[in-house]
Amino acid sequence: MITPATSPPNTIEQLTLRAQALAGLTLGELAQNANIRIPSNFKRDKGWTGQLLELYLGANAGSNPEQDFPELGVELKTLPIDSSGMPLETTYVCFAHLLNVSGITWESSNVRNKLNCVLWIPVEGNRELKPAERRIATPVLWQPTAQQLATLKQDWEELMDMIVLGEVENITAKHGQALQIRPKAADGKALTDAIGKDGEKVKTRPRGFYLRKQFTHQILLQAFYDEV
DNA sequence: GACTGATCATGC
DNA sequence: GCATGATCAGTC
């Protein structure tokens, strides 16, 4: 019987083995073995799948702005897919800092750090399927290719330029080929500090970095062809 | 049907 | 409010 991990994985191989052992199982089976209640939908439990898998893989739960497995340099992400393997949602990467960003470079950015090595765990996410019925697919351990890295860097620099120049309010989810910035908050009333048009401090809605579906789809396809 | 902007739970 | 985990749902 599959049970939650009792300790963090020591190696990437061990982590991969744990993830592969979950492939084909349903979220209901995992939750049942861990004595976790299963929501009937994700309206009020949007991060439930991710937290369930963290438990099974031995990730250190918490809200630190670090990778899930700091010792291994690996980030864990679940990815909802449809029956043909197409991602259903964009993927949240991290919070976007809007102030004191002039010293940050792509190489030292949180986005670059998070995406250095990601263990993607695709999960059936069709809304017609109840959470308990959704099956886990084959995990993908990914490191960005030079080309993907270049695309991400370009998007990141474009977006950060706008932030530095006080154009935060002009940023929409349409910017960026692979990386986009969207509101990220509890509700529309949340405010944080940002740089204004004349360099002054202004209040704006908090933002986060997200990966487009097309980009994550490419990652899954790439893994598929590597196997074949 | 896809996409963008909005929203939910939790811990500190 | 920030940061983690993300999905919802109205609009295009």
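Just above, that's the structure.
All values derive from a computational prediction rather than experimental measurement.

Peer 1: What am I meant to see in the protein's contact with DNA strand C here?
Peer 2: The local shell around DNA strand C holds 29 residues, among which T78, Y92, K184, T192 and Y210 are the closest. Within the side chain of K46, a nitrogen or oxygen atom sits 2.9 Å from a base oxygen of DNA strand C. Of all the elements, strand β1 (residues 75-81) adds the most residues to the surface near DNA strand C, at 4 residues. Of the residues contributing to the surface near DNA strand C, the split by class is 9 nonpolar, 9 polar and 11 charged.

Peer 1: Got a minute to help me understand the sheet that holds strand β3 (residues 118-124) in this structure?
Peer 2: On the basis of which strands lie adjacent, the open sheet formed by 3 strands has the order β1-β3-β4 and mixed pairing. If you trace the sheet from one side to the other, it starts and ends with β1 and β4 (140-142), each paired once. Across this sheet, the average inter-strand angle for adjacent strands is 30°, counted without regard to direction. Two strands pair when backbone bridges link them, and β1 and β3 are joined in this way by 7 bridges, in the parallel orientation.

Peer 1: I tried to follow the protein's contact with DNA strand B on my own but got confused; where do I start?
Peer 2: Taken together, 18 residues surround DNA strand B, and among them R44, K46, A173, R182 and R205 come closest. By atom count, sugar and phosphate contribute 56% of the portion of DNA strand B lying within 4 Å of the protein. For DNA strand B, a base oxygen lies 2.6 Å from a polar atom in the side chain of K46. Interatomic distance of 3.3 Å between a side-chain N/O atom of R212 and a phosphate oxygen of DNA strand B. For the surface near DNA strand B, the element with the most residues is strand β5 (residues 179-183), which contributes 3 residues.

Peer 1: Teacher, can you tell me more about the layout of surface pockets here?
Peer 2: Where empty space is left in the structure can be found by rolling a water-sized probe over the atoms. A volume near 280 Å³ is recorded for the second largest pocket. Lining the second largest pocket are 13 residues, and of these P122, T138, V140, L220 and F224 sit closest to its centre. Per-element accounting of the lining of the second largest pocket gives the leading share, 6 residues, to helix α6 (residues 213-227). Class assignment for the residues of the lining of the second largest pocket results in 8 nonpolar, 4 polar and 1 charged.

Peer 1: Help me understand the packing of aromatic side chains, please; the structure alone is not making it clear to me.
Peer 2: For any pair of aromatic rings, the description rests on two quantities: the centre-to-centre distance and the angle between the ring planes. Scanning all chains against the criterion turns up 6 aromatic pairs. Relative to F215, the ring of W142 lies with its centre 6.1 Å away and its plane at 85°, an arrangement referred to as edge-to-face. Here W142 is found in strand β4, whereas its partner F215 is found in helix α6, with 73 residues between them in sequence. Like F215, W142 is buried. Within the aromatic cluster, the residues linked to one another by ring pairs are W120, W142 and F215.

Peer 1: Sorry if this is basic, but what is going on with the nonpolar core here?
Peer 2: Generally speaking, a soluble globular protein has its nonpolar side chains buried in company with each other. If you look at the biggest cluster of nonpolar residues, it comprises 32 residues, and the most contacted ones within it are V111 and F209. Residue assignment for this core shows that the elements contributing at least two residues are β1, β2 (91-96), β3, β4, α5 (146-164), β5, β8 (207-211) and α6. At 6 residues, α5 tops the list of elements feeding residues into this core. Core analysis: the second largest hydrophobic core is formed by 24 residues, F42, L57, L72 and I136 among them.

Peer 1: Teacher, can you tell me more about the packing of helix α1 (residues 12-22) against helix α3 (residues 48-57) here?
Peer 2: For any two helices packed against each other, the geometry comes down to the angle between their axes and how far apart the axes lie. In contact at an axis separation of 10 Å, α1 and α3 are set at 125° when each is read in the N-to-C sense. In terms of their interaxial angle, α1 and α3 are classed as oblique. Where α1 crosses over α3, the two elements pack in a sense that is right-handed. Listed contacts from α3 to L15, R18, A19 and L22 of α1 are L53, Y56 and L57. Partitioned by chemical class, the residues of the contact of α1 with α3 number 6 nonpolar, no polar and 1 charged.

Peer 1: Sorry, what's going on with the sheet that holds β5 here?
Peer 2: Note: strands within a sheet are paired through backbone hydrogen bonds, in either parallel or antiparallel orientation. As summarised here, the arrangement of the 3 strands in space is β2-β8-β5, forming an open sheet in which the pairing is antiparallel. The sheet is open, and its two borders are formed by β2 and β5, each paired with just one other strand. Direction aside, neighbouring strands of the sheet carry axes that sit 35° apart on average. Both β2 and β8 contribute to a ladder of 5 bridges, which runs antiparallel. Bridge pairing in β8 places A96 opposite R207.

About the criteria used
- Residues numbered from 1 in each chain as written.
- Chains lettered and ligands numbered in written order.
- Predicted model: local features only at pLDDT ≥ 70, side-chain atom pairs only at ≥ 80, totals over all residues.
- Heavy atoms only, no water.
- Near = heavy atom within 4 Å.
- Polar contact = N/O pair within 3.5 Å; in protein donor to acceptor, adjacent residues only side chain to side chain.
- Helix = DSSP H or I, 4+ residues; strand = E, 2+ residues; numbered from the N terminus.
- Nonpolar A, V, L, I, M, F, W, Y, C, P; charged D, E, K, R; others polar.
- Pairing = 2+ DSSP bridges.
- Axes fitted to C-alpha atoms, helices over the stretch in contact; angles between N-to-C directions.
- 1 Å grid on protein atoms, 1.4 Å probe; cavity = no way out; pocket = protein on both sides within 12 Å on 5 of 7 lines; lining within 4 Å.
- Points joined across faces, edges and corners; volume = space filled by probe spheres on them.
- Phe/Tyr/Trp six-rings, centres within 6.5 Å; stacked < 30°, edge-to-face > 60°.
- Buried < 20%, exposed > 50% of the residue type's maximum accessible area, 1.4 Å probe, protein only.
- Core = buried A, V, L, I, M, F, W, Y, C linked by side-chain atoms within 4.5 Å.
- Parallel < 35°, antiparallel > 145°, perpendicular 65-115°, else oblique.
- Left-handed = near helix turned anticlockwise from the far one by under 90°.
- Contact = heavy atoms within 4.5 Å.

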